[in-house]
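Here's the letter readout for the chains.
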There are 6 protein chains.
Amino acid sequence: MRIVIANVNTTEAVTEAVRQQAMKAAGPGTEVVAVTPSFGPESVEGSFESYLAAVAVMDRVAAVREPFDAVVLAGFGEHGKEGLAELFGVPVVDITEAAAHVAGLLGRNYAVVTSLRRTLGQIEDRLRVAGLAERCVSLRATDLPVLELEADPDLAARRIAEQAVQAVDVDRADVICLGCAGMAGLAEHVEEATSVPVVDGVTAAVGLAETLVRLGLRSSPSAYPAPRRKTITGWPVTGSRA
Amino acid sequence: MRIVIANVNTTEAVTEAVRQQAMKAAGPGTEVVAVTPSFGPESVEGSFESYLAAVAVMDRVAAVREPFDAVVLAGFGEHGKEGLAELFGVPVVDITEAAAHVAGLLGRNYAVVTSLRRTLGQIEDRLRVAGLAERCVSLRATDLPVLELEADPDLAARRIAEQAVQAVDVDRADVICLGCAGMAGLAEHVEEATSVPVVDGVTAAVGLAETLVRLGLRSSPSAYPAPRRKTITGWPVTGSRA
Amino acid sequence: MRIVIANVNTTEAVTEAVRQQAMKAAGPGTEVVAVTPSFGPESVEGSFESYLAAVAVMDRVAAVREPFDAVVLAGFGEHGKEGLAELFGVPVVDITEAAAHVAGLLGRNYAVVTSLRRTLGQIEDRLRVAGLAERCVSLRATDLPVLELEADPDLAARRIAEQAVQAVDVDRADVICLGCAGMAGLAEHVEEATSVPVVDGVTAAVGLAETLVRLGLRSSPSAYPAPRRKTITGWPVTGSRA
Amino acid sequence: MRIVIANVNTTEAVTEAVRQQAMKAAGPGTEVVAVTPSFGPESVEGSFESYLAAVAVMDRVAAVREPFDAVVLAGFGEHGKEGLAELFGVPVVDITEAAAHVAGLLGRNYAVVTSLRRTLGQIEDRLRVAGLAERCVSLRATDLPVLELEADPDLAARRIAEQAVQAVDVDRADVICLGCAGMAGLAEHVEEATSVPVVDGVTAAVGLAETLVRLGLRSSPSAYPAPRRKTITGWPVTGSRA
Amino acid sequence: MRIVIANVNTTEAVTEAVRQQAMKAAGPGTEVVAVTPSFGPESVEGSFESYLAAVAVMDRVAAVREPFDAVVLAGFGEHGKEGLAELFGVPVVDITEAAAHVAGLLGRNYAVVTSLRRTLGQIEDRLRVAGLAERCVSLRATDLPVLELEADPDLAARRIAEQAVQAVDVDRADVICLGCAGMAGLAEHVEEATSVPVVDGVTAAVGLAETLVRLGLRSSPSAYPAPRRKTITGWPVTGSRA
Amino acid sequence: MRIVIANVNTTEAVTEAVRQQAMKAAGPGTEVVAVTPSFGPESVEGSFESYLAAVAVMDRVAAVREPFDAVVLAGFGEHGKEGLAELFGVPVVDITEAAAHVAGLLGRNYAVVTSLRRTLGQIEDRLRVAGLAERCVSLRATDLPVLELEADPDLAARRIAEQAVQAVDVDRADVICLGCAGMAGLAEHVEEATSVPVVDGVTAAVGLAETLVRLGLRSSPSAYPAPRRKTITGWPVTGSRA
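These numbers come from a predicted model, not from an experiment.

So, how was this worked out
Numbering of residues starts from 1 in every chain and runs along the sequence as written. Chains and ligands are labelled sequentially in the order written, the chains with letters from A and the ligands with numbers from 1. In keeping with the model being predicted, local features are shown solely for residues with a pLDDT of at least 70 and side-chain atom pairs are shown and tallied solely at 80 or more, while totals for entire chains, interfaces and linings include all residues. Heavy atoms throughout the structure, all of them, feed into the side-chain values; hydrogens and water do not. Here, axes are lines fitted to C-alpha atoms. For helices the fit covers the stretch in contact, and angles between N-to-C directions go from 0 to 180 degrees. We count a stretch as a helix when DSSP gives it H or I for four or more residues in a row; a strand needs E for two or more, and each element gets its number in order from the N terminus. Angle categories: roughly parallel below 35 degrees, roughly antiparallel above 145, roughly perpendicular from 65 to 115, and oblique for all the rest. The handedness criterion is simple: a crossing whose near helix is rotated anticlockwise from the far helix by less than a right angle is left-handed, and one whose near helix is rotated clockwise is right-handed. Any two residues having at least one pair of non-hydrogen atoms within 4.5 Å are treated as being in contact. Classes in brief: Ala, Val, Leu, Ile, Met, Phe, Trp, Tyr, Cys and Pro nonpolar; Asp, Glu, Lys and Arg charged; the others, Gly included, polar. Accessible surface is computed with a 1.4 Å probe, and the buried area is the amount of it that two parts give up when combined, taken over both parts together. Salt bridge criterion: a side-chain nitrogen from Lys or Arg within 4 Å of a carboxyl oxygen from Asp or Glu. A 3.5 Å cut-off defines polar contacts: any pair of N or O atoms within that distance qualifies, except that in protein one atom must be a possible hydrogen donor and the other a possible acceptor, and neighbouring residues in sequence count only when both atoms are side-chain atoms. We treat two strands as partners when DSSP finds at least two bridges between them. Burial status follows relative accessibility: with a 1.4 Å probe on protein chains alone, a residue under 20% of its type maximum counts as buried, one over 50% as exposed, and anything between as partly exposed.

**Re the packing of helix 4 (residues 95-106) of chain F against helix 5 (residues 120-129) of chain F**
All names here are of chain F. At a closest axis distance of 10 Å, the pairing of helix 4 and helix 5 adopts a crossing angle of 65°. With respect to their mutual orientation, helix 4 and helix 5 come out roughly perpendicular. Of the two possible hands of crossing, helix 4 and helix 5 adopt the one that is right-handed. Side by side, helix 4 and helix 5 meet where T96, E97 and A100 of the first sit next to I123, R126 and L127 of the second. Its residues assigned to classes, the contact of helix 4 with helix 5 shows three nonpolar, one polar and two charged.

**Notes on the interface of chain B and chain A**
Contacts between the two partners involve 46 residues from chain B and, on the opposite side, 46 residues from chain A. For the chain B and chain A pair, buried surface summed over both sides reaches about 3900 Å², with 56% attributable to carbon and sulfur atoms. Of all residues in chain B, the largest losses of buried area upon contact with chain A belong to F48, Y51 and R228 of chain B, amounting jointly to 21% of the total for that side. In this assembly, chain B and chain A are joined by six salt bridges. A salt bridge links E49 of chain B to K230 of chain A; the nearest nitrogen and oxygen atoms lie 2.9 Å apart. Counting the contacts that link chain B with chain A gives 24 residue pairs in polar contact (both at pLDDT 80 or more).

**Details of the sheet that holds strand 8 (residues 175-178) of chain E**
Residue and element names in this part refer to chain E. Overall, parallel pairing links the four strands, which are arranged 7-6-8-9 in an open sheet. Each of the sheet's edge strands pairs with one partner strand only, and the pair in question is strand 7 (136-141) and strand 9 (198-200). With direction set aside, neighbouring strand axes in the sheet form an average angle of 25°. With four bridges connecting them, strand 6 (residues 110-114) and strand 8 associate as parallel partners. By the bridge assignment, Y110 is partnered in strand 8 with V175. Lying on the sheet, helix 5 (residues 120-129) is in contact with strand 6 and strand 7; it crosses strand 7 at an angle near 155°.

**Structural notes on the pattern of salt bridges**
Applying the stated criterion across every chain yields a total of 114 salt bridges over all chains. For R128 of chain A, the salt bridge identified is with E124 of chain A, shortest N-O distance 3.8 Å. Of this pair, R128 of chain A and E124 of chain A both sit in helix 5 (residues 120-129), four residues apart, which is roughly one turn of the helix. Accessibility assignment for this pair places R128 of chain A and E124 of chain A in one class, buried. Connected through shared salt-bridge partners, R108, E134, R135 and R172 of chain A together with E124, D125 and R128 of chain E make up one network.

Purely spatial values, then, with no claim about function.
Here is the structure:
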């Protein structure tokens, strides 16, 4: 089977990191096609950027030539899943939902831990829409200023582990979801610090997408009906610009 | 004060209808500036179109030259509010939320009634995200095929009134929200049929936006922080295409 | 239009303060009539007093001679709204609900901060009944003894600002609602301390009431039906005592 | 022990009916003192009347000379419980909550069935405030006009049984609560019609009140603190009128 | 009336302690029959043990010769209630639910405080299933290692009181439920420390069971239908082993 | 990898059917070991039987000689998952939760449709405990008497499809979960009737279990800690009987 995994920002290095992460979870018969939007922000850290990225991802996936069996949306807390499902019909797995579903299979309560507080509101929105917020006991971010976080990744890692420990000890989380597509490398460290399972959204999403494809399931046409034929100016965005 | 009201589709006639509706609610000192996206779908009936419209609306509002005090997003169940709040800081009132807030001020339980069933899922998502779903007792649509609805507006009106009566009698709704920017004309008819207050999102949103401006309030920078400076390819969309 | 704003206690100085606060929000064509109950407690700090005040307010508003277009109930967390709506049919806006609705328009999550812990339970009840509790992340009070609070208003202000900062930093509130009709003066101070919007219930309620009147809406007769004719001993309370 | 049971309206015949119903549940050592408010409506069918009744009941119970161990508030969906708890400290059992608690002990889901639709909103409010709404699958009323209901009690009984059957068959209720203090006589009939347990609020409340007294428990002073000393004009209402 | 109270573990001393606790709540005409399972764990501290205990309790109660009117399941957070209700038809009161129901009658919010953190998840599950979790503001355990807790009961008591104080002060609990069948002796101590009512599940359950019996109520056959006739290998467990 | 799939009843034919169903979902490298409890009911249709089955399944899985990587609990709405997770540490996937998780990945709202109404309460309990009830819009059963259902499987199939159509049309379900381990054969028929995806719990659970194993995840020791060493009389049940 072929799974398209879409980075939500325009940074190729992130696409490559996501692709490598996805490969760890993919079964032997699965081809992973990682794509980068041709426009949009270099990193997605808010709703304006997230909406733009949603369109850029739809635009980019629409340009994939080979047939594919599922799409993974590799932005934690980002928009776009429903649109992808409408356009392509195949299963579309958002890494936010994937992490929460997998967490729910492993324990009662889970927490999301990430670096930037400004992303927590959007993550919460996605979990609410997905009906997965009920067992989410906390959304935690390090409270370091952005610049410090970026200057010192080790510090960020320690702070994330600290928040994870608080999530387990204070909020009674049984499972930790890492709330960022680029955090996969931290899983082992956080698991050691907390002694509970740590879920990375990208690998979770790839695994779930494979399962849905293998079960012969598709996105519900009742929830995500194919768009009706109509005039759409400027779509596809890249095509209309070319 | 000046309020920008954004149609979500590219159909000028809808923009004009929305503008006239908005004028009914606007106070004497309020200038209403109605804008039409320069790209996107001619009508918005699903998530793919809604995401595209969200970007087109942000793009169009960013092109408004005059200073403005608030934005009204005139698409029922559509995306984009959070992005507008991040970009412009002023209060941004989505007509879906506006209708639900006003309904909550008038009675215990409310229902949303609209024409097309395919839009109900998105409306529900918006209400959940806004924390306004708890007192929403039902989301109802006529079950007529789309073509029939469009061919016979009177039939649509009767069917909407029928669903509103069911919402009151069966679901115990105290207030009816009309779930479409273009339905304002039906309010009186539905009110007669049901004997309960009927809320139109556009007028509700304009009224609420005026109130927020008069109270000197702005969108919370904690919920909707201004975007950080960064490279964003292809933004603004129209600018980058020009 | 004419809006009756009802103080819930018998202290005229509070009525005057509420009236002045209301005037700040009222539009040019709005007449604000502030009324004081003719019986009941000098301050309302619990359910017994709140029920008594609810009846005293209904009694007092029933004695207003001029026609009016809306009622604002100016007691945070107090009873009475539903009764006023039944008796008078016009929109009735409770300042607790008003603050929460406005907060919901400005951010995702809000908190209520007030001085006395003993009032938090009632506030929570009102928010639950109104279906507005879901996005309320915390209800916080200073933990100073009552006498100290009353002896030193500056200390109270500092403590309230401290709690507001906690609500933003720890509970992730995006907006702060001041949980007391008499706290309006603190808004600016709390906004400076927290950098998030601060909502005062009285001005919020006046703004919302004006909007409802301008939109031609009334309280839902399904939720708040006019009382049936029947024998009611001792009503109106003042009339029956006269 | 001595339990005061308060009718919420001024109709002595109802007080007597409630007293007899209470006696059925009371243990051998329990004295039941049924009281009638000295003012207020002859029947309570809305929020205005309910608030007035709440004060009239507090006023009347405050006039009871003998010491008592608990209070039962015998109005389904009516206000006043919290005030009584603050004033008297002893356990106060509202028949609405009592019915829902007992229903929860007997099955998963319960429904409330009553005669007048106009009372359902208030019942729902009480269940929400009490945190007991989650397992309430429906609130049903007969849809007969009031006059017909009153003219033909047998018809009312049949219609209530019909609604109870619908609650069991359609809404999956496991237990039926009769939503009116005066409906106790119907329990057997409804139980036969539905084959599920039927709970009457008055007997449930008396039983629970006895249990609380026997366990040596009191109302929580944290939830319902005793009123502070202060000037309260016109209280007690009857005393101030005398 | 005769109430069977079932210890969930095989330790006779616990059965005797539970029996004595139950006797404190039982009315003069009530006979309490305390039973010990004939197999299963010596103490129940997890789900594996809880499921085994559920079967052992059903097996043991099925062996009671005398007719009985109600069953009390004396394991906090343990499984089995629904099975007992199906088998015996009489009211079955689980001490977890009993404590939460009684707490709800005394205040708005309650907390559960117990010694071992590992039992909190199961307690939470029971409260969720019973629809009683909404007003549970916290589940707290001492964070002492098990061995220390067992070696020093006084220390455990102090730590439980400390957690109860936190539940009241930080989580705004109005009532404390002691989350363990063996904690009844601590109630007075915790009440002194917190000044709020403290509920012990065993006495609460006995009181509620008596009430249900006196009201002539039974478990709902819709929720807990009697088992159909069929082949069941190895049941009753003790009988089949004999 | 090796997955143990546990039938919950003693009927070997059901075990074989479940095994064949599981094989359809299992990847090429996966060995499925289907086991039958050595005691318990021949079919599980209630809580008494479900608790007994939970113990019988734990007993049977404990007797599996080969190492295994995950367990699938193949009883819809049945007990036991938490105990298995405690005993074996590996991921344990309950088919009820599996179906709901997969449904959530495919659409907004889902419904469960099954044959016997008496099982709906338990299914609801499992979904509540798992935090998956929020997006479950209905639980529907055919209302045929049991004997008729069993006598005429075709009739049962038609009735289930009818209920599924109602779930989609009336309750707005986007996905149907078949609520019984033995219903897999109906999926295609129900999908044709409804045009929405139909999820079978057994295949869903096998797919999810494979994913969890491949991701290197285990059950959370915080949620499901390994049992402490202690005296457990009569365990393992078969061992102690031997």
